[in-house]
Amino acid sequence: MIRFNRVFKAFPKGSLALKDVSFHVAKSEFAFLTGHSGAGKSTVLRLIYADELPTSGTVRVSGFSTANLKRREIPKLRRRLGIVFQDFRLLEDRTAEENVAFALEVTGTRRSVIAPKVMRVLAQVGLAAKAQAYPRELSGGEQQRVAIARALVNDPLVLLADEPTGNLDERATRGVFQLLRDINATGTAVILATHDLDLVRQAPYRTIELQDGALVYDSAEEDERHEGVASQ
Amino acid sequence: MRLTIREALLSFRRAPVLSVLAVTTIAFALFVLGLFGLVAVNLRGALTQIEERVEIVMYLTRGTPVEVVTVAIGDIDAFPEVESVNYVTEDQALERARQQLVEFQGVFDDLATNPLPASLEIHLKPGFRDSRNARTVAQRLSGFRFAEDIRYGSDWVAKLDRLRDIAGVVGLVLGAGFAAAALIIIGTTIRMTVLARRREIHIMRLVGATDGFIRRPFLLDGALKGALGGAFAIALNYGAFLAVSRGLFQAAFFSTEQSALFVLFGTILGFAASALSVGRHLPSA
Ligand SMILES: Nc1ncnc2c1ncn2[C@@H]1O[C@H](COP(=O)(O)OP(=O)(O)OP(=O)(O)O)[C@@H](O)[C@H]1O
Ligand SMILES: [Mg+2]
């Protein structure tokens, strides 16, 4: 469903952020994307949601391909994705409920279906009781749950999470991670970029590791990769 | 749609000074345009009145026999440009002078002989009442042997014509200047709003809002400001019109349709300004 084929990414003033990266993530899969700071994790995610285009190679996401992606197709692509970040990116002047509803309003959803959908996802992330709270009245973990609810409300095929627990303490981290696992259990694929190795060890999921822009480990092709790395 | 309207209205609260400035400049642009428009409208009114009175007066040589004049009247009446010919005898001319120049009554009574010549007053048909046709007819009239002198109001008409043209051009130039200022100010307002709403715009993009959707509030905002500016311009023009009507002379104001056109024009101006600047500022947001 998400396929990177020999992707290189160079930024205007910088070295190669991604070097010959190829991998495939299937429907309903849960994949960790790990690597040191600057390894290229965020860049991989940004290529998936077409915030950037590859310098060479192709990125395919659910029927869209960067080889022939038109600018006006990007919104359609993004409606199939849910995206969350380390810094939550909520609107401070809106309640939890309004923040989630915002994602539906701006994608032209009929008003009558917005309220029930919003309540459903808020309940799913365990925040039904705090629907009326503003972000500043919520803990970091709760804010991240609102952000996840917003990402889920359009029923995405994949949830992209860029360091979602980076600002959270251990307890909140566990809670958010468990939430992502629950979401994955309902059939939504999850790609979780993190450098928190404790998190990675907690679950037996697919792990893709980047190092200086190169894919150095993919648990799905563990044996092959090991040989490749060993021979370097 | 609700979201679009809410966002558009919010911009007034987010940048009140710039919003007021934008509306005011649009208002001034259209006010100036309107002021000269009013001048043009009133000049045109005055011109039609004057044009209706355009007549060519041919003074006849003293002692021209009535029969000759009658034949000439028949000829002149047959000119394609001519509506009517009126024969004013020497006596009638004196009588008119007496009535019109009451102060000099005594002077006329003392006259032994009548110094006023007889004349033919020639009215032109509508459509021929301009300086060019008046001149053509006058030239033809000068062919009559008994034509002593021929007068027509060509100078007046030509001058008023030119005045109207100048008023139109000055109004357009000044109006365009203000319109350009309005364009710049609306552009600045939009840049500010884009900056203030960068977070929202960013999130809209992430969740898959289309460019058109993101743009709409800005366009509506601009159109709204333009419409407001147009309405203000009409109010200002009406004020100017009242002042002139009370103090100077009875002037004419725009018709309802013309006033509506102002608001429409303002709306288009505001919309265009937004469209231009949102295209430049949004991609970088
Ligand atoms: N817009 C950009 N312009 C130039 N260079 C960039 C840009 N974005 C990323 N880079 C570079 O690309 C490389 C990979 O960055 P990326 O953000 O993907 O790393 P990361 O793995 O997400 O790191 P972190 O764990 O710190 O978030 C870095 O060297 C970074 O400096
Ligand atoms: Mg990153």
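### Quick notes on empty space enclosed by the protein
Here is step 1 of the chain: Applying the stated criterion across every chain, the model contains two cavities of 30 Å³ or more.
Here is step 2 of the chain: Of the volumes computed, that of the largest cavity is approximately 110 Å³.
Here is step 3 of the chain: Along the walls of the largest cavity sit 13 residues, with G82, I83 and A151 of chain A together with L206 and V207 of chain B positioned nearest its centre.
Here is step 4 of the chain: For the lining of the largest cavity, the elements supplying multiple residues, two or more each, are β6 (81–85) and α5 (140–152) of chain A together with α8 (198–206) of chain B.

### Some details on the site of ligand 1
Residue and element names in this part refer to chain A.
Here is step 1 of the chain: As a matter of local geometry, ligand 1 sits amid 13 residues, with S37, G38, K41, S42 and T43 nearest to it.
Here is step 2 of the chain: Backbone polar atom of G38 to an oxygen atom of ligand 1: 2.7 Å apart, as the coordinates give it.
Here is step 3 of the chain: Coverage of ligand 1 by the protein amounts to 62% of the 630 Å² it exposes when considered alone.
Here is step 4 of the chain: Top element by residues in the shell around ligand 1 is helix α1 (residues 41–48). It accounts for four residues.
Here is step 5 of the chain: Residues belonging to the shell around ligand 1 are distributed by class as follows: three nonpolar, seven polar and three charged.

### Points about the interface of chain A and chain B
Here is step 1 of the chain: With 20 residues of chain A at the interface, the matching set in chain B holds 17 residues.
Here is step 2 of the chain: Buried surface at the junction of chain A and chain B, summed over both partners, amounts to about 1,700 Å²; 57% is from carbon and sulfur atoms.
Here is step 3 of the chain: Linking chain A with chain B are two salt bridges, by the criterion used here.
Here is step 4 of the chain: In this structure, E200 of chain B engages R94 of chain A in a salt bridge whose closest nitrogen and oxygen atoms are separated by 3.0 Å.
Here is step 5 of the chain: For the pair chain A and chain B, the interface holds six residue pairs in polar contact (both at pLDDT 80 or more).
Here is step 6 of the chain: Broken down by secondary-structure element, the contributors of at least two residues to the side of chain A that touches chain B are α2 (74–78), β6 and α3 (96–105) of chain A.
Here is step 7 of the chain: Broken down by element, the residue count for the side of chain A that touches chain B peaks at three residues, all from α3 of chain A.
Here is step 8 of the chain: Partitioning the side of chain A that touches chain B into residue classes produces nine nonpolar, two polar and nine charged.

Here is what the cut-offs are and how they apply
- Residues numbered from 1 in each chain as written.
- Chains lettered and ligands numbered in written order.
- Predicted model: local features only at pLDDT ≥ 70, side-chain atom pairs only at ≥ 80, totals over all residues.
- Heavy atoms only, no water.
- 1 Å grid on protein atoms, 1.4 Å probe; cavity = no way out; pocket = protein on both sides within 12 Å on 5 of 7 lines; lining within 4 Å.
- Points joined across faces, edges and corners; volume = space filled by probe spheres on them.
- Helix = DSSP H or I, 4+ residues; strand = E, 2+ residues; numbered from the N terminus.
- Near = heavy atom within 4 Å.
- Polar contact = N/O pair within 3.5 Å; in protein donor to acceptor, adjacent residues only side chain to side chain.
- Areas by Shrake-Rupley, 256 points an atom, 1.4 Å probe, with all protein chains shown as cover.
- Nonpolar A, V, L, I, M, F, W, Y, C, P; charged D, E, K, R; others polar.
- Contact = heavy atoms within 4.5 Å.
- Buried area = accessible area lost by both parts, 1.4 Å probe.
- Salt bridge = Lys/Arg side-chain N within 4 Å of Asp/Glu carboxyl O.

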